[in-house]
Amino acid sequence: MRGLTTIERVGLSVVAGLTALSGVARYVSGFPHILAFVLAGLALAGGAWVVSFATEEVGATMGVAATGMLQSTLGNLPEFFVVLFALQAGELVVAQTALLGSILVNALLVLGIAIVVGARRGRDGLMRFSPRLPNDTATLLFVASFIIVLVGLAGGVHGPVSHHITAISVVGAVMLLLVYGAWAHQYLTTAPPVEEEEIESAGPRLTRRAALILLVAAGVAAAFVSDWFIHALEPTIRSLHISQAFAGLVIVAIAGNAIEHAVGVVLAARGRSELAISVIKASIGQVAAFLFPLLVLVSLLTATTLTFALPPVFTGALAATALIVWQITGDGEASAFEGTALIGAFVVIAVVAAFE
Amino acid sequence: MRGLTTIERVGLSVVAGLTALSGVARYVSGFPHILAFVLAGLALAGGAWVVSFATEEVGATMGVAATGMLQSTLGNLPEFFVVLFALQAGELVVAQTALLGSILVNALLVLGIAIVVGARRGRDGLMRFSPRLPNDTATLLFVASFIIVLVGLAGGVHGPVSHHITAISVVGAVMLLLVYGAWAHQYLTTAPPVEEEEIESAGPRLTRRAALILLVAAGVAAAFVSDWFIHALEPTIRSLHISQAFAGLVIVAIAGNAIEHAVGVVLAARGRSELAISVIKASIGQVAAFLFPLLVLVSLLTATTLTFALPPVFTGALAATALIVWQITGDGEASAFEGTALIGAFVVIAVVAAFE
Amino acid sequence: MRGLTTIERVGLSVVAGLTALSGVARYVSGFPHILAFVLAGLALAGGAWVVSFATEEVGATMGVAATGMLQSTLGNLPEFFVVLFALQAGELVVAQTALLGSILVNALLVLGIAIVVGARRGRDGLMRFSPRLPNDTATLLFVASFIIVLVGLAGGVHGPVSHHITAISVVGAVMLLLVYGAWAHQYLTTAPPVEEEEIESAGPRLTRRAALILLVAAGVAAAFVSDWFIHALEPTIRSLHISQAFAGLVIVAIAGNAIEHAVGVVLAARGRSELAISVIKASIGQVAAFLFPLLVLVSLLTATTLTFALPPVFTGALAATALIVWQITGDGEASAFEGTALIGAFVVIAVVAAFE
C-alpha cells in the first residue's frame with residue numbers, strides 16, 4: 001500500500017475502524033440502537049467509497065469506459081446487500097423505498113445540486129453537456145417506470161391479474177436486464193473516449209493483487225455492515241418515530257449513495273460538467289434497470305419477494321421523475337432554476353414519505 | 001389623463017360603468033341573478049385590462065422584462081380575488097377549477113388559437129419562436145403537476161398520509177414559490193432584451209402619479225367585483241343547471257383571463273410570434289407556480305382551505321396538458337394542426353367538466 | 001392482369017384460396033375451430049396485402065403522398081371489419097384490445113424490430129430519419145391518450161360523470177377526427193416529396209378498371225373473412241385457455257397488421273430508414289386518431305357501444321407508449337438499444353394481457 005497518499009490511508013483506516021465499531025455495536029448487548037445505526041450507516045457509506053477506490057485500481061489497465069462501468073456496478077454492492085438483508089428481515093417497505101430512493105436521490109437531489117453548482121460555472125448561467133447519456137438514461141428510466149406503472153395498474157384492479165404480480169415482475173425483470181445489457185454493450189463499444197485529461201496519469205498505485213484483496217475485503221465488509229445496518233434500523237425507526245418509507249427513501253438511500261453523490265457535485269463545482277453528469281446519470285440508469293430487476297430475481301430465494309408493485313404515490317413519483325429529468329437534461333443544457341426545480345421535487349417526495 | 005387615446009378613454013369609462021352597475025346589481029334586491037353575474041363577469045374582464053394598462057404606464061421607466069413580469073403578476077389580481085372570495089364562500093370546487101381553468105384556458109385554448117392563427121402567417125405553415133420560454137414554462141408546469149399528482153395519489157389511498165394533505169400542500173407551495181422565484185430571478189437577469197421594435201416608442205402618457213392612482217383604483221375595484229361575481233355565481237349555476245366544475249373551469253377562467261387572452265391571439269395574427277408566445281407562456285407558468293401556491297398559503301386564513309388535492313380527472317388533465325404543450329412548443333415551432341390538437345383537448349376537458 | 005409478376009399472381013391466388021377455405025371452414029359443421037381460426041387469420045393478413053397492393057395500382061396516377069395515405073387508410077379495412085363484427089358479437093374486450101393492440105404492435109414491436117435492424121445498417125450504430133413525422137405522430141397519440149386517460153379517470157370515480165362516458169367519448173371522437181383531418185390536410189399539402197428513387201418507376205401494371213375491381217373484391221372479402229375470424233375466435237380462446245385481452249392485443253392485432261408490419265422491417269433492413277419510419281408511423285397515428293374514433297361513432301349503431309373507456313392497465317400502457325416512442329424517435333435518430341427497449345415493453349404488456 002506504499003503507493004497511496006496519506007489521505008487515502010487515513011480514509012481506509014477510518015472505514016476499517018467504523019466497520020469494526022459497527023460490529024461491536026451489533027453484538028454488544030445494551031449498545032444504544034441509534035448510535036449503532038449511525039455507525040453502520042457511516043461504515044456503509046465509507047465501504048461504498050473503498051469499493052469504488054479499489055475498483056479503480058483493479059481497472060487501471062482496462063480502459064476508461066469499462067472501468068467506469070465496473071466501478072459503478074460494484075459501487076452498488078452496499079445497496080444490493082442492504083436491500084437483500086431488508087428482504088430477508090421481512091422489511092419489504094424499507095427494501096422497496098431504499099431502491100426507489102437511490103433513483104430519486106440521484107435523479108432529483110444530487111443532479112439538482114450538481115446543476116445549481118455547475119450552472120454557476122457555465123457561460124450565461126447554463127451547464128452544458130452531451131445530451132446522449134441523459135437521453136439513454138431517460139429511456140432506461142422510462143422502460144423501468146413503464147413496467148412499474150403497468151404492474152401497479154394491473155395489481156390495483158382486483159381482477160385475476162393481481163394474483164400474477166410476481167410472474168409479471170419476473171418477466172419484466174428479465175426484459176429490463178436484457179435492455180440494460182443492450183445499452184451497456186452499446187455504451188462500452190460506441191461511447192466516445194472521455195477526454196484524455198480526465199484520466200489520472202498516475203497509473204496504478206497498488207499491485208493488482210493488493211487491489212483485488214482490498215476489493216474482496218470491502219465487498220465482504222459491505223455484506224456484514226449491511227446486515228448490521230438493517231438490524232439497527234427497525235428499533236431506530238421506532239425510537240425516532242420515523243416512517244419506514246422515510247427511512248428507506250431518504251436515510252438508507254443517502255447512506256448507500258453518499259460518496260458517489262459527493263463526487264458528482266464536486267466535479268460540477270470544478271466545471272467538469274460532462275464527467276459530473278456521466279457519474280450521476282450512469283448511477284440512475286443502473287439502479288433502475290440493473291439493480292432493481294436483479295434484486296427482483298434474487299428475491300425469489302429470500303424470505304420476502306420483491307416485485308415491481310410499489311405504493312401508487314411512489315410509482316407516480318418515479319414516472320414523474322423520469323419525465324422531469326428528461327425534460328430538464330435531454331437538450332444538453334440546464335440552468336440553476338432547473339436544478340432548483342429538481343431539489344424542490346425531492347423535498348416534496350421526502351415529506352410525503354415522512355407521512356406515509 | 002390627457003395622454004390617452006379616445007379608445008382608451010372610452011374603455012376606461014365602460015369598465016367604470018360596468019363596475020358601478022355590478023355594484024348596483026349586487027345590492028339592489030330582486031335584480032336578476034344571471035344579469036348580475038354577466039355584468040360582474042364583464043367588469044372583471046375589463047378590470048384585468050385596466051390593471052394591465054395601468055401597470056404598463058407605471059412600468060414605462062422600468063425596462064421591458066420587468067414591466068412584463070409586473071404586468072402579468074398584477075394582471076392576476078382579479079383571479080386572485082375571485083379564488084379568495086370563492087374560498088371564503090365555501091366554494092372549494094369553484095376555487096380549484098377556476099385556478100386550474102386559468103392554466104388550461106391559456107395552455108390549450110388560447111395557445112391553440114394563437115398557433116392556428118400564427119402558423120398561417122409563418123413560412124411553410126410553421127409558427128416559429130425561441131424554445132427557451134416554452135421549455136422553462138414546461139419545467140414550471142411539470143413541477144406543479146408533480147406536486148399535484150403526488151398529493152392526489154397520496155390522498156387517494158386511505159392511509160395515514162391522507163390526513164396530512166394540508167401539511168404536504170404547504171410544503172409543496174413553499175417549494176413551488178422558491179422554484180418560481182429562482183426562475184423569475186433568472187428570467188429577469190438573463191432574458192435577452194425583446195427586439196427594439198416591440199417596445200412602444202410613445203413613452204408614458206400618464207403621469208406616474210395618475211398611473212399609480214389608476215392601478216390602485218383598479219385593484220380595489222377588482223376585489224369588490226370579484227366578491228359580487230362569486231355572490232352571483234351560485235344562483236346562476238342553479239338557474240342554468242351548470243356544474244360547478246364547468247363554471248370554474250370554463251366561465252370563471254375565461255372571464256378572469258379574457259383580455260390577456262385576446263392580446264396573445266392578436267399578436268400571433270400580426271405575425272409577432274415571439275411576443276405572442278411570451279405573453280401566453282408567462283401567464284401559464286405564473287398561475288401554476290405562483291398564484292396557485294400563493295393561494296394555498298393564503299387560504300390557511302380563509303374559511304375553506306385550498307390544497308393541491310384536485311379531483312383525479314383534473315389532476316390527469318393538468319399533467320397531460322403539461323406534457324402535450326411541451327411536446328408541441330418545446331422545439332420552437334408549431335403548425336396549425338398542432339394548434340387544432342390543443343383546442344380539441346380543451347373542448348374534451350370542458351365537456352368532462354360539464355358532466356362532473 | 002398480364003402486368004403482374006409471377007410472385008404477385010401466386011400471392012393473389014394463395015389469398016383467394018385461403019379466403020375460400022375460411023368460408024368453407026365457417027359453414028361446414030364439425031370443422032375444427034382452431035384450424036378455422038388460423039385459416040381466417042391468414043386470409044385476413046393476406047387480404048390486407050391485397051388491399052394495399054390494389055390501392056397502389058389505383059393510386060399510380062395520384063402522387064406519392066396521397067397514394068400512401070389512401071393505401072394505409074384502406075389497409076385498415078380488415079381491422080375496421082374485425083372490430084365491427086366483434087362489437088356486433090358482443091365481444092367488447094376483443095374489440096377494444098384489438099384496436100389498442102394495433103397501436104402497440106406497431107409502436108413497440110414493429111418499430112422496435114425496425115430500429116434494431118435499421119440501426120445495424122446506420123453509421124455509428126444509429127438509424128437516422130426526419131423527426132417531423134415522429135413528432136406529428138406523437139401529437140396524434142398524445143391527443144388520443146389524453147382523451148382516453150380523461151375518460152378513464154372520469155369513469156373511475158363513481159360520480160355523475162361516469163354515466164356520461166358515451167357522450168364524452170362521442171365528443172372526443174369528433175375532436176380526434178377533426179385533429180386527424182387537420183393533420184392529413186397539412187401532411188398532404190406540405191409534406192416534402194419522397195425522394196425520386198423511392199417511387200417505383202414501373203408505372204401501373206393493371207388497368208385502372210382491373211385495379212378497382214380487385215380493390216372492391218378485396219374489401220368485400222375482408223368483410224366476410226373478418227366475420228368468420230370473429231366467429232372462430234371465441235371457441236378458440238376457450239380451447240386454448242387464452243384470455244380475451246391476449247387474443248385481441250396480440251393475436252388479432254398481429255393478424256390484422258402482419259403484412260404492413262413486414263414491409264416496415266424489410267425497408268429498415270435495406271437501409272431505407274426514412275420510408276420504413278414513414279410506413280410504421282403513419283399506421284400508428286391513423287389507428288389512434290382515425291380508426292378508433294371512427295369506430296366509436298359507428299358503434300352507436302352496433303349491438304355493443306365502443307367508448308374510450310379502457311381498463312386502467314391498458315390506458316396506462318397507451319399513455320406510456322406514446323411517451324416512450326416520442327422520447328426514442330422524436331430526435332430523428334434511434335440506436336439498437338432503444339429498439340430493444342420498445343420490444344421489451346411490448347413483451348411485458350403481452351404478459352399482462354395474458355393474465356388479464
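Computed from a predicted model, the values in this text were never measured in an experiment.

The rules behind these values
Residues numbered from 1 in each chain as written. Chains lettered and ligands numbered in written order. Predicted model: local features only at pLDDT ≥ 70, side-chain atom pairs only at ≥ 80, totals over all residues. Heavy atoms only, no water. Patch = residues over 30% accessible without salt bridge, like charges linked within 9 Å, V, L, I, M, F, W, Y side chains within 5 Å. Areas by Shrake-Rupley, 256 points an atom, 1.4 Å probe, with all protein chains shown as cover. Salt bridge = Lys/Arg side-chain N within 4 Å of Asp/Glu carboxyl O. Helix = DSSP H or I, 4+ residues; strand = E, 2+ residues; numbered from the N terminus. Buried < 20%, exposed > 50% of the residue type's maximum accessible area, 1.4 Å probe, protein only. Core = buried A, V, L, I, M, F, W, Y, C linked by side-chain atoms within 4.5 Å. Contact = heavy atoms within 4.5 Å. Least-squares fit on C-alpha atoms with pLDDT ≥ 70 in both. Phe/Tyr/Trp six-rings, centres within 6.5 Å; stacked < 30°, edge-to-face > 60°. Axes fitted to C-alpha atoms, helices over the stretch in contact; angles between N-to-C directions. Parallel < 35°, antiparallel > 145°, perpendicular 65-115°, else oblique. Left-handed = near helix turned anticlockwise from the far one by under 90°. Nonpolar A, V, L, I, M, F, W, Y, C, P; charged D, E, K, R; others polar. Expected span 1.5 Å × (residues − 1). Bend = angle between axes of the 7 residues up to and from the residue.

Just to check I follow, could you spell out a nonpolar patch on the surface for this structure?
Residue and element names in this part refer to chain A. Taken together, the side chains of Ile34, Val38, Leu42 and Leu240 present a nonpolar region at the surface, about 320 Å² in accessible area. Structurally, leucine 240 is set in helix H8 (residues 208-240). With a relative accessible area of 44%, leucine 240 lands in the partly exposed category.

Which parts of the structure should I look at to understand the nonpolar core?
It is characteristic of soluble globular proteins that their nonpolar side chains tend to be buried jointly. Leu108 of chain A, Leu108 of chain B together with Leu108 of chain C are the most contacted members of the largest nonpolar core, which has 330 residues in total. For leucine 108 of chain C, the contacting residues outside a window of four places in its chain are Phe146 of chain A together with Thr321, Ile324, Val325, Leu342, Ile343, Ala345, Phe346 and Ile349 of chain C.

Just checking my understanding: could you explain the relation of the copies chain C and chain A for this structure?
The transform that puts chain C on chain A rotates by 120 degrees and translates by 0.0 Å along the axis, for an RMSD of 0.0 Å. Accordingly, the operation relating the two chain copies is best matched by a three-fold axis. In terms of C-alpha distance to the rotation axis, chain C has leucine 323 of chain C as its closest residue, with the C-alpha 5.2 Å off the axis. Each copy contacts the other with its own distinct surface, as only 7% of the interface residues of chain C are interface residues in chain A too.

Could you clarify how one ought to interpret the packing of aromatic side chains in this entry?
Each aromatic ring pair is characterised by the separation of its centres together with the angle its planes make. Residue and element names in this part refer to chain C. The full count for this structure, using the stated rule, is 33 aromatic pairs over all chains. Geometrically, the ring pair formed by tyrosine 27 and tryptophan 228 is edge-to-face, given 6.4 Å between the ring centres and 85 degrees between the ring planes. Of this pair, tyrosine 27 sits in helix H1 (residues 6-27) while tryptophan 228 sits in helix H8 (residues 208-240), and the two are 201 residues apart along the sequence. Overall, the relative accessible area of 56% leaves tyrosine 27 in the exposed class.

Before we go on, may I ask you to explain the packing of helix H5 (residues 92-121) of chain C against helix H11 (residues 312-329) of chain C in this structure?
Two quantities define a packed helix pair, namely the angle between the axes and the distance from one axis to the other. All names here are of chain C. Relative orientation of the contacting elements H5 and H11 amounts to 30 degrees, with a least axis distance of 11 Å. Comparing the axis directions of H5 and H11 gives the class roughly parallel. Note that H5 runs across H11; the crossing there is left-handed. Residues Thr97, Leu100, Ile103, Leu104, Ala107, Leu108, Leu111 and Ile115 of H5 pack against Phe314, Ala317, Leu318, Thr321, Ile324, Val325, Ile328 and Thr329 of H11. For the contact of H5 with H11, the per-class residue count stands at 13 nonpolar, three polar and no charged.

I'm lost on unusual backbone geometry in this one. Help?
Peptide bonds are, in most cases, trans, and in most cases residues other than glycine have a negative phi. Residues and elements named next belong to chain B. Despite not being glycine, histidine 241 has its phi angle at roughly 55 degrees, a positive value. Relative to the helices and strands, histidine 241 is located in the loop between helix H8 (208-240) and helix H9 (244-269). On the basis of relative accessibility, which here comes to 73%, the residue histidine 241 falls in the exposed class.

Mind showing me how you'd approach H8 of chain B here?
Structurally, the α-helix is built with 3.6 residues per turn, so residues lying three or four positions apart point the same way. With 33 residues, H8 of chain B extends 45 Å from end C-alpha to end C-alpha; this agrees with the ideal 48 Å at 1.5 Å per step. The principal kink in H8 of chain B, of about 30 degrees, is found at leucine 233 of chain B, preceding the proline proline 235 of chain B by one to four residues.

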